[in-house]
Amino acid sequence: MPGYTKRLGRELSDLKSNPAVGISVFQADDFRIWLIDIQVMDNNPLYVSKTFRLQFRFTPTYPIEAPEVQFIRSLGREIPMHPHIYSNGHICLDVLGSGWSPIQTVGSVSMSIQSMLAGNDRNERPPDDARYVASAPISPKQTRFVYHDDNV
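These lines cover the structure that appears in this document, whether it is placed above or below.

What counts, and at which threshold
Residues numbered from 1 in each chain as written. Predicted model: local features only at pLDDT ≥ 70, side-chain atom pairs only at ≥ 80, totals over all residues. Heavy atoms only, no water. Core = buried A, V, L, I, M, F, W, Y, C linked by side-chain atoms within 4.5 Å. Buried < 20%, exposed > 50% of the residue type's maximum accessible area, 1.4 Å probe, protein only. Helix = DSSP H or I, 4+ residues; strand = E, 2+ residues; numbered from the N terminus. Pairing = 2+ DSSP bridges. Polar contact = N/O pair within 3.5 Å; in protein donor to acceptor, adjacent residues only side chain to side chain. Contact = heavy atoms within 4.5 Å. Salt bridge = Lys/Arg side-chain N within 4 Å of Asp/Glu carboxyl O. Phe/Tyr/Trp six-rings, centres within 6.5 Å; stacked < 30°, edge-to-face > 60°. Lys NZ or Arg CZ within 6 Å of the ring centre and 35° of its normal.

## A word on the nonpolar core
Right, so step 1: The biggest cluster of nonpolar side chains holds 32 residues, and the ones touching the most others in it are W34, I38, L54, F56, F71, I91 and I113.
Right, so step 2: By residue number, the principal contributor to this core is helix α2 (residues 106-118), which donates 5 residues.

Take a look at the structure:
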């Protein structure tokens, strides 16, 4: 068994046996793609009573390299409005790119995104959303995001 599958096996076991509040495994049938549901657990009016779905894509280079993470639309799940989340589900967050560290886990990334949502009070997309989505690569990992706004 390759090293990354052992690591993901431990992470999956931990996510199922010790789930963080508002974070749950929806689907994790293999070590390539996992779907994680997250809810914002405070009274943020932008996200109250909503559940969002994250898709994690892993390669054999995990955890040395970050997984590909994005929000996906599905039945009852929308892409959250946020100044760092594009309408195609791509997320501009440093821990998914240059801020990645192999000590990060699916759980810690999910909590970072949950926290990013909880701290937001702006019901808007990034200013360049239409331009970015029109020319964005399929994988958000192929985008070189510029991290310049820590206020949301």
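## Brief notes about the pairing of strand β2 (residues 33-38)
Right, so step 1: A large share of β2 lies buried, amounting to 5 of its 6 residues.
Right, so step 2: Pairing between strand β1 (residues 23-27) and β2: 4 bridges, direction antiparallel. Looking across to β2, one finds that I23 is bridged to I38.
Right, so step 3: Between β1 and β2, which pair antiparallel in sequence order, lie 5 residues.
Right, so step 4: Pairing geometry for β2 and strand β3 (residues 52-57), over 6 bridges, is antiparallel. Bridge assignment links I36 to a residue of β3, and that residue is L54.

## Quick look at the environment of P83
Right, so step 1: Examined against the element boundaries, P83 turns out to sit in the loop between β4 (68-72) and α2.
Right, so step 2: A relative accessible area of 6% places P83 in the buried class.
Right, so step 3: Once the C-alpha coordinates of P83 and I113 are considered, the two residues, 30 residues apart in sequence, prove to be 13 Å apart.

## Thoughts on the side chain of D37
Right, so step 1: Assignment of secondary structure puts D37 in strand β2.
Right, so step 2: In terms of polar contacts, D37 uses its side chain to reach the side chain of R53, at 2.6 Å.
Right, so step 3: A polar contact of 3.3 Å, which involves the side chain of D37, links it to the side chain of R77.
Right, so step 4: Residues within four places of D37 in sequence aside, it is in contact with G22, I23, S24, F26, T51, F52, R53 and R77.

## Side note on the pattern of salt bridges
Right, so step 1: Under the definition given, this model contains 8 salt bridges.
Right, so step 2: For D37, the salt bridge identified is with R53, shortest N-O distance 2.6 Å. Placement of D37 in strand β2 and of R53 in strand β3 is noted, with a sequence separation of 16 residues between them. Note on accessibility: D37 and R53 belong to one class, buried.
Right, so step 3: Several salt bridges converge on common partners, so that one network encompasses D37, R53 and R77.

## Considerations on the packing of aromatic side chains
Aromatic ring pairs are reported here in terms of the distance separating the ring centres and the angle at which the planes meet.
Right, so step 1: All told, the structure shown has 7 aromatic pairs when counted by the stated rule.
Right, so step 2: With 6.0 Å between their ring centres and 45 degrees between their planes, Y62 and W100 make a pair best called tilted. With Y62 in the loop between β3 and β4 and W100 in the loop between β4 and α2, the pair connects residues that are 38 residues apart, well separated along the chain.
Right, so step 3: On the basis of relative accessible area, Y62 is assigned to the buried category, the value being 3%.
Right, so step 4: Each residue in the set W34, F56, F58, Y62 and W100 is aromatic and connected to the rest through ring pairs, giving one cluster.
Right, so step 5: The ring of F26 carries R53 above its face, with NZ or CZ at 3.6 Å from the centroid.

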